[in-house]
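Structural features, examined
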Amino acid sequence: MAELARVAQASDAPVGARVPVGRRVRVPKTAELVAGQLRRQIVRGELEPGDALASETELMGQFGISRPTLREAFRVLESESLITIRRGAHGGARVSAPDPDVAARFAGLVLEHRGATLRDVYQAAAIMEPPCVRQLAGKANAAVVARLREAVDAEKAALDDPLALVEAQDAFHALLVELTGNQTLVLLCGMLRYIVDRANAEHVAASAGSEEHRAQALKGHRAHVRLVKLIEQNKAEEAEQLWHRHITSADDVVNAVGAKTVLELID
């Protein structure tokens, strides 16, 4: 009970904070407080991926709560993919690393609910990715260039496999952002790439094997190869412009498949 009281106290407004008269203050449920405490431990690395949480009996005693309340807290964390629950005699809760795909899926649902189009997503990518390319070209070193070359080599090996090629080319886009080292950009661009990946997969399924699709795939691959050369040569402005044109042209191709370009991500 003392542990739960400490958690509840930590969630209160700062001492002296004034709450407007007539404003309703929502008191967190006990299960939410417990989930919040365990969530903080996971995010701060106090509990690491693969770690088993203490038994239900121990956690109930630690927080001074009932089994239904603890299981409700578990359901909250499980819905956030921060723990996995194994049933049975040797079961229990184990910690999972925060998964960016969970955020991406939720963002996709919000965009779909708002009636966002694929063009919205590509325009956002065209705003975010080219400056990353410019940054890379301005500070490129042998290690960065080597990783990019490995990525375009993987594309080349997949040129005759449409689905594998889509995965390889999407991985190249993700690598460009990853190599900047900016974790905020990595997360945000990763959310966009998740949505674009879904759109690309549908486009490939509809056009795989056609001469038009192969020509587009080869054009994209050549753009990636050219980009790596520009980055290696530290031609930042040219690299940024090339990448903006590349993303914009991909937007035009996908949207040309049909008039309806509203996101449809729900399986």
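1. Side note on the overall build of the chain
Scanning the chain from N- to C-terminus turns up eleven helices and two strands. In sequence order, the chain lays out its α and β elements as α-α-α-α-β-β-α-α-α-α-α-α-α. Contacts in the chain between residues far apart in sequence, at least 24 positions, make up 73% of those at least 6 positions apart.

2. Some words on the packing of helix 8 (residues 162–178) against helix 10 (residues 211–232)
Orientation of helix 8 relative to helix 10, taken along the N-to-C sense of each, is 25 degrees, at an axis distance of 11 Å. The orientation of helix 8 relative to helix 10 falls into the category roughly parallel. Both helix 8 and helix 10 take part in a crossing whose hand is left-handed. Within the contact between the two elements, helix 8 uses P162, L165, Q169, F172, H173 and L176 and helix 10 uses H213, A217, G220, H221, H224, L227, V228 and I231. Grouping the amino acids of the contact of helix 8 with helix 10 by side-chain chemistry returns eight nonpolar, six polar and no charged.

3. Let's talk about the pattern of salt bridges
Opposite charge on two side chains allows them to pair when their charged atoms are near. Scanning the entire structure with this criterion turns up ten salt bridges. A salt bridge links E56 to R67, with the nearest nitrogen and oxygen atoms 2.7 Å apart. Here R67 lies in helix 4 (residues 67–79) and E56 lies in helix 3 (residues 56–63), a separation of eleven residues in the sequence. Residue classification places E56 among the partly exposed positions, given a relative accessible area of 22%. The partner of E178 in a salt bridge is R147, with the nearest N and O atoms 3.2 Å apart. Within this pair, whereas E178 is found in helix 8, its partner R147 is found in helix 7 (residues 142–157), the two being separated by 31 residues in sequence. Within the structure, one salt-bridge network assembled from shared partners comprises E56, R67 and R71.

4. Observations concerning the environment of A151
Assignment of secondary structure puts A151 in helix 7. Under the relative-accessibility criterion, A151 is labelled buried at 14%. Residues contacting A151, with those up to four places away along its chain left out, are F172 and L175.

5. Examining helix 2 (residues 30–43)
Here helix 2 is 14 residues long and its end C-alpha atoms lie 20 Å apart, about the 20 Å a rise of 1.5 Å per residue gives. Within the span of helix 2, buried status applies to A31, L33, V34, A35, G36, Q37, L38, Q41 and I42. Downstream of helix 2 by a residue or two, G45 has a phi angle that is positive, lying close to 85 degrees.

6. Describing the side chain of E129
Among the structural elements, E129 can be located in helix 6 (residues 118–139). With relative accessibility at 3%, the residue E129 sits in the buried group. In this structure E129 touches H173, V177, R193, W243 and I247, once residues within four positions along its chain are discounted.

7. Quick notes on the layout of surface pockets
Reported here for the second largest pocket is a volume of approximately 400 Å³. As for the second largest pocket, its lining consists of 19 residues, of which I85, R86, G91, G92 and A93 are closest to the centre. Secondary structure elements with two or more residues in the lining of the second largest pocket: helix 4, strand 1 (83–86) and strand 2 (92–95). Take the lining of the second largest pocket: its biggest share by element is four residues, from helix 4. Residue classes in the lining of the second largest pocket are distributed as six nonpolar, six polar and seven charged.

8. Here's the deal with the confidence of the model for the chain
Of all residues in the chain, 79% have pLDDT values of 70 or greater, and the mean over the chain is 84. By mean pLDDT, helix 1 (residues 2–11) is the weakest element of the chain at 53, and helix 7 is the strongest at 96. Scored below 50 in pLDDT, residues 9–15 makes one contact in the model with residues more than four places away or belonging to other chains.

What counts, and where the lines are drawn
- Residues numbered from 1 in each chain as written.
- Predicted model: local features only at pLDDT ≥ 70, side-chain atom pairs only at ≥ 80, totals over all residues.
- Heavy atoms only, no water.
- Helix = DSSP H or I, 4+ residues; strand = E, 2+ residues; numbered from the N terminus.
- Contact = heavy atoms within 4.5 Å.
- Axes fitted to C-alpha atoms, helices over the stretch in contact; angles between N-to-C directions.
- Parallel < 35°, antiparallel > 145°, perpendicular 65-115°, else oblique.
- Left-handed = near helix turned anticlockwise from the far one by under 90°.
- Nonpolar A, V, L, I, M, F, W, Y, C, P; charged D, E, K, R; others polar.
- Salt bridge = Lys/Arg side-chain N within 4 Å of Asp/Glu carboxyl O.
- Buried < 20%, exposed > 50% of the residue type's maximum accessible area, 1.4 Å probe, protein only.
- Expected span 1.5 Å × (residues − 1).
- 1 Å grid on protein atoms, 1.4 Å probe; cavity = no way out; pocket = protein on both sides within 12 Å on 5 of 7 lines; lining within 4 Å.
- Points joined across faces, edges and corners; volume = space filled by probe spheres on them.
- pLDDT = per-residue confidence, 0-100.

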